[in-house]
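Okay, here's what each chain looks like letter by letter:
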Amino acid sequence: MKLTIIGTGYVGLVTGACFAEMGNTVVCVDIDKKKIEGLKQGILPIYEPGLESVVMNNHKNGRLQFCTALSDPVAESDVYFIAVGTPPGEDGSADLQYVLAVAREIGRHISRYTIVVDKSTVPVGTADKVKAAIRVELKKRGANVPFDVVSNPEFLKEGAAVDDFMRPDRVIIGTDSEPVRKAMRDLYLPFMRNHERLLFMGVRDAEMSKYAGNAMLATKISFMNEIANLCERLGVDVENVRQGIGSDARIGYSFIYPGAGYGGSCFPKDVKALIRMAKDQQYEPKVLNAVEARNEAQKHVLFEKIVRRFGADLKGRVFGLWGLAFKPGTDDMREASSVVLIGELVGAGASVKAYDPVSMKAARRELPRAWFDSGQVKLVDEQYSALDGADAMVLVTEWKPFRHPDLERVKKFLKTPVIFDGRNQYEPKLLRDAGFEYSGIGR
């Protein structure tokens, strides 16, 4: 099948590369000329394990092409995937300007029956807006071209996106059209060799499913963080509690790990957008409000622990941070707990030395230039170098190389043997027996 993917960000590039891997002819379109030239040379705009080889192999074999104008591939395409960003507006709602701009562009160029797929995470009712935008452009042209708009939300985890796409838990297709059902089933059939995981439903149902799924996972995280904070005040080890409740099959172990708050491009944005959708319907989403409020507060917990240990005036103090990305397996620092913590430490007069296995370029791009210019924030190229002369170590992202450190080296580099564990990766008794002061989340 011939496909056009509009947008070469995280969702668009993974979608295009994986469809090409299954033998489809795919053209990825993006107005960012620098990004497209980089992709043609094998330079990816994002870090995602396993993606580079899939992109390069399929580009080399001619199944995956890149261009900057939708008019180039449009005449040769059967299905058009809209995979552009939907950044949050000031009120938390999803900004649809890029989605609708693409819809209008499609309307200017299609000349035969077309399936338009909303792959971006979009609010309920977006498919109707996309359909209307295309119709306006067709009317301007005096063209009567049939088309269908489909909702096909992505469910990709950063750090495991290629595997998620190639071996999906489910593929949700929102459509009322039987020809579309057949076309989408044919497209996804190669990903269903073990058993079919296609779920067909109404367009609005599919749009809502994406938001509800992410909100449920965010709720589990915020609930566990709430329990962790209570456990700490009651002298309870939350890790034992986690294992106790996780063994209940109705709850399970996924997404009940206490930490310093969730981040990334999905959970924060989608919870806010769902809250906005509810309020637009004059409905107060009390649970979602609490989920968001707990997460925002949770991002300050590590700093509060540091202040309790070292005092509010941190001038002259140095803190070594392990991890900058919002989670392992990605270089994404959007809404990351590390950014909040570094900002608070800098504001209190402290200096920060930080290391992350893959997010160093992103950090230079995402963190304020003034932090570097003042000398208060330094990025180092090796994890133990971040601890050299530091008053304490702070684990923010649970990358595998951080999980079993050389404690003798850690103690040698630190001025004081203090560890703040923002992801509960270490056994408190082991560290305390080794002579460390330890403080985790809820333990």
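Anyway, here's the lowdown on the structure attached to this text.

Rules of the game
- Residues numbered from 1 in each chain as written.
- Predicted model: local features only at pLDDT ≥ 70, side-chain atom pairs only at ≥ 80, totals over all residues.
- Heavy atoms only, no water.
- Patch = residues over 30% accessible without salt bridge, like charges linked within 9 Å, V, L, I, M, F, W, Y side chains within 5 Å.
- Areas by Shrake-Rupley, 256 points an atom, 1.4 Å probe, with all protein chains shown as cover.
- Salt bridge = Lys/Arg side-chain N within 4 Å of Asp/Glu carboxyl O.
- Helix = DSSP H or I, 4+ residues; strand = E, 2+ residues; numbered from the N terminus.
- Buried < 20%, exposed > 50% of the residue type's maximum accessible area, 1.4 Å probe, protein only.
- 1 Å grid on protein atoms, 1.4 Å probe; cavity = no way out; pocket = protein on both sides within 12 Å on 5 of 7 lines; lining within 4 Å.
- Points joined across faces, edges and corners; volume = space filled by probe spheres on them.
- Nonpolar A, V, L, I, M, F, W, Y, C, P; charged D, E, K, R; others polar.
- Axes fitted to C-alpha atoms, helices over the stretch in contact; angles between N-to-C directions.
- Contact = heavy atoms within 4.5 Å.
- Lys, Arg positive; Asp, Glu negative; His and termini not counted.
- Right-handed = clockwise from strand over helix to strand, strands pointing away.
- Pairing = 2+ DSSP bridges.
- Core = buried A, V, L, I, M, F, W, Y, C linked by side-chain atoms within 4.5 Å.
- Expected span 1.5 Å × (residues − 1).

**Topic: a nonpolar patch on the surface**
(1) Moving on: A contiguous nonpolar surface patch, about 270 Å² in accessible area, is contributed by Leu230, Leu234 and Val236.
(2) Moving on: Relative to the helices and strands, Val236 is located in the loop between α8 (203-234) and α9 (238-246).

**Notes on the pattern of salt bridges**
(1) Moving on: The full count for this structure, using the stated rule, is 31 salt bridges.
(2) Moving on: Residue Asp270 is joined to Lys269 by a salt bridge in which the shortest nitrogen-to-oxygen separation is 3.2 Å.
(3) Moving on: Relative accessible area serves as the criterion here: at 16%, Lys269 is assigned to the buried category.
(4) Moving on: Between Lys272 and Glu292 there is a salt bridge, and its shortest N-O distance comes to 3.4 Å. With Lys272 in helix α10 (residues 267-280) and Glu292 in helix α11 (residues 286-298), this pair connects stretches of sequence that are 20 residues apart.

**Looking at empty space enclosed by the protein**
(1) Moving on: One pass over the structure, following the stated rule, counts one cavity of 30 Å³ or more.
(2) Moving on: If you add up the space inside the largest cavity, you get close to 40 Å³.
(3) Moving on: Considering the residues around the largest cavity, the lining is formed by Asp118, Ser120, Thr121, Val122, Ser151, Pro153, Glu207 and Lys210.
(4) Moving on: Here the lining of the largest cavity is built from residues that sort into two nonpolar, three polar and three charged.

**Things to note about the packing of helix α12 (residues 301-310) against helix α13 (residues 337-347)**
(1) Moving on: The geometry of α12 relative to α13 is characterised by a closest axis approach of 9 Å and an angle of 35 degrees between their N-to-C directions. Here α12 contributes Leu302, Phe303 and Ile306 to the contact with α13, which in turn contributes Leu341, Glu344 and Leu345.
(2) Moving on: The residue makeup of the contact of α12 with α13, split by class, is five nonpolar, no polar and one charged.

**A few points about the side chain of Lys119**
(1) Moving on: Mapped onto the elements, Lys119 comes out in the loop between β5 (114-118) and α5 (126-141).
(2) Moving on: It is Glu154 that comes nearest to the buried, bridge-free Lys119 among opposite-charge side chains, at 7.2 Å.
(3) Moving on: Ignoring anything within four residues of it in the chain, the contact list for Lys119 reads Val11, Thr15, Phe81, Ile82, Ala83, Asn152, Pro153, Glu154, Phe165 and Tyr188.

**Focus: the pairing of strand β10 (residues 351-355)**
(1) Moving on: Counting buried positions over the five residues of β10 gives four, a clear majority of the element.
(2) Moving on: With α13 bridging strand β9 (residues 318-322) and the parallel β10, this β-α-β connection has right-handed handedness.
(3) Moving on: Looking at chain direction, β10 and strand β11 (residues 377-379) are connected through three bridges and run parallel. Its bridge partner lying in β11, Ala354 is registered against Leu379.

**Observations regarding the nonpolar core**
The tendency in soluble globular proteins is for nonpolar side chains to be buried side by side.
(1) Moving on: Formed by 61 residues in total, the largest nonpolar core has its most connected members in Leu321, Trp322 and Leu345.
(2) Moving on: By residue number, the principal contributor to this core is α12, which donates five residues.

**So, the layout of surface pockets**
(1) Moving on: The volume enclosed by the second largest pocket comes to roughly 1,400 Å³.
(2) Moving on: Looking at the second largest pocket, it is lined by 48 residues, and the ones nearest its centre are Lys157, Glu158, Phe255, Phe267 and Lys327.
(3) Moving on: Looking at the lining of the second largest pocket element by element, the count peaks at six residues for α8.
(4) Moving on: Its residues assigned to classes, the lining of the second largest pocket comprises 21 nonpolar, 13 polar and 14 charged.

**Structural notes on the sheet that holds β11**
(1) Moving on: Within the open sheet, the six strands sit side by side as β11-β10-β9-β12-β13-β14. Their pairing is parallel. Single-partner strands in this sheet number two, and they are β11 and β14 (437-439). Mean inter-strand twist for the sheet, computed between neighbouring axes without regard to direction, equals 20 degrees.
(2) Moving on: α12 contacts β9, β12 (392-395), β13 (418-421) and β14 of the sheet and is inclined by roughly 160 degrees relative to β13.
(3) Moving on: Contacts from α13 reach β9, β10, β11 and β12 within the one sheet, and its direction differs from that of β9 by about 175 degrees.

**Details of unusual backbone geometry**
(1) Moving on: The backbone phi angle of Phe255 is positive, close to 60 degrees, even though this residue is not glycine.
(2) Moving on: Take Phe255: it is sitting in the loop between α9 and α10.
(3) Moving on: Even without a glycine there, the phi angle at Asn424 is positive, about 55 degrees.
(4) Moving on: Among the secondary structure elements, Asn424 is positioned in the loop between β13 and α17 (428-433).

**Remarks on helix α1 (residues 10-21)**
(1) Moving on: Between its first and last C-alpha, α1 extends 17 Å over twelve residues, near the 16 Å set by a 1.5 Å rise per residue.
(2) Moving on: Of all twelve residues in α1, eleven are buried; the element is thus mostly enclosed.
(3) Moving on: Among the residues trailing α1, Gly23 stands out with phi positive, at a value near 100 degrees.

**What to know about the environment of Leu274**
(1) Moving on: Inspection of the secondary structure puts Leu274 in helix α10.
(2) Moving on: Looking at Leu274, the relative accessible area reads 9%, which means it is buried.
(3) Moving on: Residues Leu274 and Leu64, spaced 210 residues apart in sequence, show a C-alpha to C-alpha distance of 35 Å.

**Comments concerning the pairing of β5**
(1) Moving on: By the criterion of burial, β5 is predominantly enclosed, with five of the five residues buried.
(2) Moving on: Alternating residues of β5 divide into Thr114, Val116 and Asp118 and Ile115 and Val117, and every residue in both groups is buried.
(3) Moving on: Bridge count for strand β4 (residues 79-82) against β5 is four bridges, and the pairing is parallel. Residue pairing for β5: Phe81 is matched across the bridge by Val117.
(4) Moving on: For β5 and strand β6 (residues 147-151), the ladder comprises five bridges, and the chain directions are parallel. Each residue of the ladder has a partner; that of Thr114, found in β6, is Phe147.
(5) Moving on: Handedness of the crossover joining β5 and β6 through α5: right-handed.

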